[in-house]
Amino acid sequence: MKNKNIVFSVVGLAVIVLILGFFNRRNVKDKLEIHEKREIIIKSEEREYNLNLDEISELGEEEFTADLKSSGKAAETHIYTGVPVKNIFKEKDLEVQKDKQIIVRSVDGYVVALESDEVLEEDNVYLAYKVDGEFLKAREEGGSGPYQLIIREDQFSQRWCKHVVEIVLDE
């Protein structure tokens, strides 16, 4: 009897996964297309924008250093080029309110939630597209781009997000 329950549970879970995959396929396809075009989606409850590299770099491009920390390895200091995430919202006239979250999504499904205070802090949260003078390589090339979220105050680089495709301002 126990084996039948296990089999039914496994089959039930497999069906649920297939159903969720079926309904999510369009969303994944859209994100992959955005990623391949080297664009990023900026979203609020009321508006949505697709920005390309030229549009992003015009929003206050900066060079900054950040320490990349990987488990078991010594920290590596790199020079990144990107824009403060707060500049993107300011340019699109999207107000980042106190006590709200900013959600950052990667093409592979990784999600990072940021507090508004972190994003509004000077020299902290960046959308990077270059490292050490070179454009970030795409996921297919073994890179972390074309866009990567860098949080300079993140002590262990755990909330950095590679392959960013969407930034959502929680309303």
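Above this text is the structure in question.
Criteria and thresholds
Residues numbered from 1 in each chain as written. Predicted model: local features only at pLDDT ≥ 70, side-chain atom pairs only at ≥ 80, totals over all residues. Heavy atoms only, no water. Pairing = 2+ DSSP bridges. Helix = DSSP H or I, 4+ residues; strand = E, 2+ residues; numbered from the N terminus. Axes fitted to C-alpha atoms, helices over the stretch in contact; angles between N-to-C directions. 1 Å grid on protein atoms, 1.4 Å probe; cavity = no way out; pocket = protein on both sides within 12 Å on 5 of 7 lines; lining within 4 Å. Points joined across faces, edges and corners; volume = space filled by probe spheres on them. Nonpolar A, V, L, I, M, F, W, Y, C, P; charged D, E, K, R; others polar. Buried < 20%, exposed > 50% of the residue type's maximum accessible area, 1.4 Å probe, protein only. Contact = heavy atoms within 4.5 Å. Patch = residues over 30% accessible without salt bridge, like charges linked within 9 Å, V, L, I, M, F, W, Y side chains within 5 Å. Areas by Shrake-Rupley, 256 points an atom, 1.4 Å probe, with all protein chains shown as cover. Salt bridge = Lys/Arg side-chain N within 4 Å of Asp/Glu carboxyl O. Lys, Arg positive; Asp, Glu negative; His and termini not counted. Charge placed at Lys NZ, Arg CZ, Asp CG, Glu CD.

The strand order across the open sheet built from 5 strands is β2-β1-β10-β5-β6, with neighbouring strands paired in mixed fashion. The sheet is open, and its two borders are formed by β2 (48-52) and β6 (111-115), each paired with just one other strand. The sheet shows a mean angle of 20° between the axes of neighbouring strands, taken without regard to direction. Of the pairings in the sheet, the one linking strand β5 (residues 101-106) to β6 comprises 5 bridges and is antiparallel in character. Residue Gln101 lies in a different strand from β6, and its bridge partner there is Glu115.

This brings us to the layout of surface pockets. When its volume is computed, the largest pocket comes out at roughly 290 Å³. Broken down by element, the lining of the largest pocket gets its largest block of residues, 3 residues, from strand β4 (residues 76-84). Partitioning the lining of the largest pocket into residue classes produces 7 nonpolar, 7 polar and 3 charged.

The subject of this paragraph is the pairing of β5. Linking β5 back to β6 in an antiparallel pair, the connection comprises 4 residues, with Gly109 at a positive phi of about 100°. Of the pairings in the sheet, the one linking β5 to strand β10 (residues 164-169) comprises 5 bridges and is antiparallel in character. Bridging across to β10, Ile102 finds its partner in Leu169.

Attention now goes to the pairing of β10. Of all 6 residues making up β10, 6 are buried, and the element is well covered by its neighbours. Bridge analysis of strand β1 (residues 39-43) against β10 gives 3 bridges, and the strand direction is parallel. Along β10, the bridge assignment pairs Ile42 with Ile167.

Now for the environment of Thr81. Along the chain, the position of Thr81 falls in strand β4. For the pair Thr81 and Gly133, spaced 52 residues apart in sequence, the C-alpha separation works out to 7.5 Å. Those residues in contact with Thr81, other than ones at most four positions away along the chain, are Glu61, Glu62, Glu63, Phe64, Ala128, Tyr129 and Lys130.

What follows deals with a negative patch on the surface. A contiguous patch of negative charge, built from Asp54, Glu55, Glu58 and Glu91, is present on the exposed surface. Here Glu55 shows up in helix α2 (residues 53-57). For Glu55, a relative accessible area of 35% gives the class partly exposed.

Moving on: unusual backbone geometry. In this structure, the amide linkage connecting Gly145 to the following residue, Pro146, adopts the cis form with an omega of 15°. Positive phi, close to 60°, is recorded for Ser157, a residue that is not glycine. For Ser157, the location among the structural elements is in the loop between β9 (148-151) and β10. By relative accessible area, which is 10% here, Ser157 ends up buried. Even without glycine at this site, His163 takes up a positive phi of about 55°. On the accessibility criterion, His163 (6% relative accessible area) is buried.

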